[in-house]
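What follows is the residue order along each chain.
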Amino acid sequence: MTAATAVLTFASCEQDLGQNPDFDYPQDEGADVPIPEPLFHASFENGLTLDGTLKATMSAYRDVPPVFEPGKREGKAYRNQEGTALMIRPDAAGMDRLKELGSFSVFMWMNWEGQNPSACSLFALGHKDLEIGNLSVFVEGFKKDNPKEFFVKGYLRSTGADGRPDAWFDAGDEAHIQNMAGKWRHVGVTYDAATSTITLYNQGAEVCHRQLRNGEMGALKFDEISGICLGAFPAMVGLTPVQNWPARGTFYNGLLDEINIFGEALSAEQVAALYQKTK
């Protein structure tokens, strides 16, 4: 996916985690690093229930009964597949908090089947009037010569009074993650409004670090929140106008576990600690 209007400036991304062994931190690494409370957290141990600092309800798209399978650890994980997704609907106070999101971090354990023929969204924040929504983090696996390669990409748009522009980001060919299919991987994204930088992580280690819009992206503010979806783009589940996106995207096929959504940019040390805490 590309956009003619996308403008990015970024630091060089030189690390290819597929060509180097995974970096496993010692088991006690980060034990004393405090991790902030997430806005929303889903462990799936009690079905589609959430905890965190904000109140919200979680449900299955189109009321399809959710499927649970063995998770990353001893508990359960949620299986997303064609035609299914999870919907998070915050209460009024939660909606107000998301409208002033500023910075954010999204992390999850995922076991991708590697069968998506097009882009598939992992996390998205919808807008009732904008086709792609306010925010989306998605993956692509288009390399036919290596179908296990995994590219993390995304989109941000600020729609608040500041009128800041939109921006696309991706890990790029120099920072793709190989050997993703059929394995549990801890992946995530942080966005720091103070520096307008996106950082991608895999297995607790930084993959890529980029600055958006020459540092002018700033704090994310949204004039409308229609809800959060996991496993699909907003337009595919009615959170955003249905135009071209459903034809250009697919539902995520695979397992999801230990999803954490934060209202701030975690530090590298906190990301490593979160990885160790949930592995």
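Residues numbered from 1 in each chain as written. Predicted model: local features only at pLDDT ≥ 70, side-chain atom pairs only at ≥ 80, totals over all residues. Heavy atoms only, no water.

K.L.:
Describe the overall build of the protein, listing the residues and the values that go with them.
P.N.:
When its secondary structure is counted, the protein shows 3 helices and 16 strands. Across the 279 residues in the protein, those meeting the buried criterion constitute 57%. Sequence separation of at least 24 residues holds for 71% of the intrachain contacts in the protein that already meet a minimum separation of 6. (Helix = DSSP H or I, 4+ residues; strand = E, 2+ residues; numbered from the N terminus. Buried < 20%, exposed > 50% of the residue type's maximum accessible area, 1.4 Å probe, protein only. Contact = heavy atoms within 4.5 Å.)

K.L.:
Account for helix α1 (residues 92-99), naming residues and giving values.
P.N.:
Because an α-helix completes one turn every 3.6 residues, residues spaced three or four positions apart along the sequence face the same direction. Buried within α1 we find Gly94, Met95 and Leu98. Buried residues in α1, looked at end-on, bunch into an arc of 100 degrees, giving them a common side. The outward face of α1, more than 90 degrees from its buried face, is lined by the exposed residues Ala92 and Ala93. Its buried side turned inward, α1 meets β1 (40-42), β5 (86-90), β7 (119-126) and β14 (227-230). (Arc of directions from axis to C-beta.)

K.L.:
Can you lay out the packing of aromatic side chains for me, pointing to particular residues and giving the numbers?
P.N.:
Using the criterion set out here, one finds 8 aromatic pairs in the structure. Seen from their ring centres, Phe107 and Tyr201 are 5.8 Å apart, and the 50 degrees between their planes marks the pair as tilted. Taken as a pair, Phe107 in strand β6 (residues 104-112) and Tyr201 in strand β12 (residues 197-202) lie far apart in primary sequence, 94 residues in all. The same class applies to Phe107 and to Tyr201, which are both buried. Positioned above the aromatic ring of Trp109 is the side chain of Lys72, whose terminal nitrogen or guanidinium carbon lies 4.6 Å from the ring centre. (Phe/Tyr/Trp six-rings, centres within 6.5 Å; stacked < 30°, edge-to-face > 60°. Lys NZ or Arg CZ within 6 Å of the ring centre and 35° of its normal.)

K.L.:
I'd like a rundown of unusual backbone geometry, residues and numbers included.
P.N.:
Positive phi values are uncommon outside glycine, yet Ser196 reaches one of about 55 degrees. By the secondary structure assignment, Ser196 is in the loop between β11 (184-192) and β12. We note that Asn214 has phi near 55 degrees; this positive angle belongs to a residue other than glycine. Note that Asn214 resides in the loop between β13 (205-211) and β14.

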